[in-house]
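Geometric and topological summary
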Amino acid sequence: MCMKVLITGADGFLGSNTARYLKEKGHDVTSFTQDVRRNLPYERFDCLYHFAAYVGGRKGIDNNKWLIAKNIEIDRITFKWAEEWCKKIIYPSSCAAYPTYLQEEPNTPMHEEQFGNSNTFDLYGLAKLVAESMLKTLDIPVMIMRPFSIYGPGQDMDYPLPAIIERAKQGECSVWGSGTQTRDWVYIDDALKIFEFLLHKQESTTVNIATGKAITFKEVAETVYKLVHGVTIPVKTQADEPEGAGHRVGSTERMVSLGLSCNTEIAYGSQFDNDCWTEAMNLEGEYDNLFLLCIIDPEYLFADDLQKITNKYKIKNVHRIGMYEGEPMEWNFHALIANDRMPVYTEEQVLMRSADFAYMLYQRKPRLHRVEITNILREQPHLLERGIVTL
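So, here is what we can say about the structure in this document. (Residues numbered from 1 in each chain as written. Predicted model: local features only at pLDDT ≥ 70, side-chain atom pairs only at ≥ 80, totals over all residues. Heavy atoms only, no water.)

**Considering unusual backbone geometry**
Residues other than glycine seldom take positive phi values, yet Asn-107 does so here, at roughly 55°. Here Asn-107 lies in the loop between β4 (89-92) and α5 (123-135). We classify Asn-107 as exposed; its relative accessible area is 60%. (Helix = DSSP H or I, 4+ residues; strand = E, 2+ residues; numbered from the N terminus. Buried < 20%, exposed > 50% of the residue type's maximum accessible area, 1.4 Å probe, protein only.)

What follows is the structure, encoded as structure tokens:
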């Protein structure tokens, strides 16, 4: 069923991904990027996703406490508006709002019912605690999500994983603080499925968004460095940088009871933040076509790197081939045009060798490795005459 949805903070990492995902699912989405304290529309919606907030990674929170405190007023105004104009609210709280004592010992899963019994680790967590208290007073259904460390392509460099990846690209394997602090790392695709699930739920609920697995920053840095360079080296720690809470891992019991899960491994998810264009950038000459094999979600393009490739090789056509594990292949091709709009073309409108190539890869099963794709190209090189293929 198509739902009419308003998303505040729609220019942020979670908001923009949610807007894109819900549009793909056929919902009527209004992406709101203005100041919610003055400009919320006098219009009725089936649901509000309220992402608008002051955030900014560890330093952003530690160094801007009074800015973070403004989130309480942002939430108050938005909740008051939503009670009149929306049928339900879906609100991203945070694992930071759990009591500090649950964040001091490793492998201590945080359960939804343990909320609000003690001090929070920081002011950001306190603001989320206040928001949840306000939401309990509303007369409309409220879905509260408590996400753990969500990551994915397009996330700001203020956040841990993009920063670790960027340092790895520069030949540095390092983390802030001791590196022994743990987080529950959730890939954005897994989180988005839960976001949409809650859109269709009628009764108010609160649920973690977590994998249930605690992974240290050192382990993450080692994994990323190996993905980038193919080898493992010792992790350098930066003791003069903040490391945040000691340990955060979520219980998944309630998620499982709702039929939900977050299963993407950190090694698999983080490769899509990595520079997937390295091999293509080492080629020579000019090419007519660029084929992007997107085996998680064809929307995840790295815009800056993509522009470099199209400019360098004077590429005329960019074809994005979506391959979804466990789902039928859909003939869903996209072409990139100058203003970054992505019109969808039917099979008949696409070069036949592009369609043939996609079908052949699907026959070999999704989630192919680079070496398998290389072998396929050697077998049937005519399918990619004057074209580049990259993951």
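**Overview of the environment of Gly-125**
Among the structural elements, Gly-125 can be located in helix α5. In the structure, Gly-125 is positioned 29 residues away from Ala-96 in sequence and 4.5 Å away in space, judged by C-alpha atoms.

**Points about the sheet that holds strand β5 (residues 142-147)**
One open sheet holds the 6 strands; their spatial order is β2-β1-β3-β4-β5-β10, and the pairing between them is parallel. Either end of the sheet is taken by a strand with one partner, and the two such strands are β2 (28-32) and β10 (205-209). Within this sheet the neighbouring strands show an average axis-to-axis angle of 15°, counted without direction. Pairing between strand β3 (residues 47-50) and β4: 2 bridges, direction parallel. Pairing of Tyr-49 across the sheet is with Ile-90, part of β4. Against the sheet, helix α4 (residues 65-85) engages β1 (4-8), β3 and β4, with an angle of about 175° to β3. (Pairing = 2+ DSSP bridges. Axes fitted to C-alpha atoms, helices over the stretch in contact; angles between N-to-C directions. Contact = heavy atoms within 4.5 Å.)

**Things to note about the pairing of β4**
Covered by surrounding structure in β4 are Ile-89 and Tyr-91 together with Ile-90 and Pro-92, the residues of both alternating faces. Sheet analysis places β4 next to β5, joined by 4 bridges and oriented parallel. Across the sheet, Pro-92 pairs through a bridge with Met-145, a residue of β5.

**Observations regarding the pairing of β3**
Residues Cys-47 and Tyr-49 point to one face of β3 and Leu-48 and His-50 to the other, with burial holding for every one of them. In this sheet, β3 lies alongside β1 in parallel orientation, the contact comprising 4 bridges. Its bridge partner lying in β3, Ile-7 is registered against Tyr-49.

**Brief notes about α5**
Compared with the 18 Å implied by 1.5 Å per residue over 13 residues, the 18 Å span of α5 between its first and last C-alpha is a close match. When α5 is considered as a whole, its buried residues turn out to be Tyr-124, Gly-125, Ala-127, Lys-128, Leu-129, Ala-131, Glu-132 and Leu-135. Between the side-chain oxygen at the start of α5 and the backbone nitrogen of Tyr-124 there is a gap of 3.3 Å, and the oxygen is on Asp-122. (Expected span 1.5 Å × (residues − 1). Polar contact = N/O pair within 3.5 Å; in protein donor to acceptor, adjacent residues only side chain to side chain.)

**Quick notes on the nonpolar core**
In terms of nonpolar packing, the biggest core is built from 55 residues, with Ile-7, Tyr-49 and Phe-195 touching the most fellow members. Per-element accounting of this core gives the leading share, 7 residues, to helix α7 (residues 188-199). Judged by nonpolar contacts, the second largest core, of 21 residues, contains Leu-6, Ala-52, Val-142 and Ile-144. (Core = buried A, V, L, I, M, F, W, Y, C linked by side-chain atoms within 4.5 Å.)

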